[in-house]
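Spelled out, the chains give:
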Amino acid sequence: MPAQATDLISRLKNEEGMDFENDWKVITLFIGGNDLCAYCKDKKSYSAESYFNNVTEALNRLHAAVPRALVNVVEILEMSILQDLNVGLVCNLVHQLACKCPSFPANAEAAAEMTEVTNKYRTMIRDYVAQGVYDTRDDFAVVMQPFLVDTKPPVKENGKPDFSYFAADCFHFSQKGQEAMAEALWNSMLEPVGQKRTEWQLGEPFECPSAEQPYFCTNKNCGLKSKVGTFGSQKSNPGSSDDNPSPASSSSYVAVVVVSVFGVCLIALLAGAVMYLRGRRVPRPEKNRLVQPDRFGAYSAIM
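I will try to describe carefully the structure that is included in this document. Here the residue index of a chain counts from 1 through its sequence in written order. Predicted model: local features are reported for residues with pLDDT of at least 70 only, side-chain atom pairs are reported and counted for 80 or more only, and whole-chain, interface and lining totals are derived from all residues. Derived side-chain values reflect all non-hydrogen atoms in the structure, with water molecules and hydrogen atoms excluded from consideration.

1. As for the packing of aromatic side chains
Selection rule: When two rings of Phe, Tyr or Trp (its six-membered ring) have centres within 6.5 Å they constitute a pair, described as stacked for plane angles under 30 degrees, edge-to-face for angles over 60, and tilted for the intermediate range. Both a distance and an angle decide whether a charge sits over a ring: NZ of Lys or CZ of Arg must be within 6 Å of the ring centre and within 35 degrees of the ring normal.
In this structure the tally under the stated criterion is seven aromatic pairs. Site record: aromatic cluster; members linked through ring pairs are Phe 52, Tyr 128 and Tyr 134. The aromatic ring of Phe 20 is capped on one face by Lys 25, whose charged end is 5.2 Å from the ring centroid.

The structure is reproduced here in structure tokens:
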């Protein structure tokens, strides 16, 4: 992840048509599933502490170098749900080869350990971000998005998994699944920090910004302990720390502009930024994988 963050910063600076200092950026990290797939094979390399160190170092680099950015960290889903997708020869074979630890735990103790380490993956990052370590600037925020924590795989009327939402490997999402996830992420971005839902259902209404809340929620503008209207000020010195936020009126005005500009295209952007269909590739450790750019200039690290 740290190397990916460095690569991302370089790409953003050199992206044709991008004003690195002034253009707003949405960066979404959805990562950790492949590490958990291999956890039982190498518990040290794929420990929660290792995951925490890699992700926070990546966030630190983005925070230090990227101006005007909203970084979503999508919390990892419950990996035991893969057991519900162990259906048919192909799914069983792929899960055995590429993601055996959560899909086919050796025993009840191993299954319980997988649940415990999954929770630790989430809580270590969540607690660290909640301390406000990335809230030192008015033009940068890191927000945890927990809508997958308690989400179950979509099912058909007969109660069986709906594999139309998954790729052929029964692990990654299909285009249909990506579209649904993009809507779920959008809704989560509009929910206050500390009050975000941890479960997403098909067919939920699509949320829109309102006059009362025209901005995406961050720790500073609509968290439980928020300082109203500080994210999105007119101008910020990249890489600097600002302990005196600009007035709420200025921040709210810029937030309205941001939402207005991105409102039309952001769903397509998020679909690329949340997940990129990985096809049949066997998952590899996240720290060795490249950050993928999408057509709108947003980047993400993908599970």
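2. A short note on the state of the cysteines
Heads up, the condition is: We call a pair of cysteine sulfur atoms a disulfide when they lie within 2.5 Å. In DSSP terms, a helix is any run of H or I states spanning at least four residues, a strand is any run of E spanning at least two, and both are numbered starting from the N terminus.
Counted under the stated rule, the structure contains four disulfides. With its sulfur 2.0 Å from that of its partner, Cys 40 forms a disulfide with Cys 101. A torsion of -75° about the S-S bond marks the disulfide between Cys 40 and Cys 101 as left-handed. Residue Cys 40 is located in the loop between α2 (33-37) and α3 (48-65), and its partner Cys 101 is located in helix α5 (residues 100-103); the two are separated by 61 residues in the primary sequence.

3. Comments concerning the nonpolar core
The test is simple: We define a nonpolar core as any set of buried Ala, Val, Leu, Ile, Met, Phe, Trp, Tyr and Cys residues linked to one another through side-chain atoms lying within 4.5 Å. Buried means the residue's accessible area, taken with a 1.4 Å probe over protein chains only, is under 20% of the maximum for its type, while exposed means over 50%, and partly exposed covers the values in between. Residue contacts follow a heavy-atom distance rule, with two residues in contact if any of their heavy atoms lie within 4.5 Å.
Formed by 64 residues in total, the largest nonpolar core has its most connected members in Leu 59, Leu 62, Met 79, Tyr 121, Ile 125, Val 142 and Phe 147. Elements represented by at least two residues in this core include exactly α1 (2-14), β1 (25-30), α2, α3, β2 (69-74), α6 (108-130), β3 (140-145) and α7 (175-190). Apart from residues no more than four positions distant in its own chain, Val 142 is found in contact with Leu 59, Val 71, Val 73, Val 129, Tyr 134 and Asn 219.

4. Quick look at α1
Here is the rule we go by: Between the first and last residue of a helix there are one fewer steps than residues, each counted as 1.5 Å, and that sum is the expected span. Picture the helix axis, draw a direction to every C-beta atom, and the arc is the one those directions span.
With 13 residues, α1 should cover 18 Å at 1.5 Å per step; its first-to-last C-alpha distance of 19 Å lies within 8% of that length. The set of residues buried in α1 consists of Pro 2, Gln 4, Ala 5, Leu 8, Ile 9 and Leu 12. All buried residues of α1 lie within an arc of 155° about the axis, which places them on one face of the element. Exposed residues lying more than 90 degrees from the buried face of α1 are Ala 3 and Asn 14.

5. Concerning the pairing of β2
Quick reminder of the rule: Pairing between two strands requires that DSSP report at least two bridges joining them.
Most of β2 sits inside the fold, with six of its six residues counted as buried. Neither face of β2 is exposed, since Ala 69, Val 71 and Val 73 on one face and Leu 70, Asn 72 and Val 74 on the opposite face are all buried. Here β1 pairs with β2 via five bridges, running parallel. When the bridges of β2 are listed, Thr 28 appears paired with Asn 72. By the bridge criterion, six bridges tie β2 to β3 in an arrangement that is parallel. In the sheet register, Leu 70 faces β3, and the bridge partner there is Ala 141.

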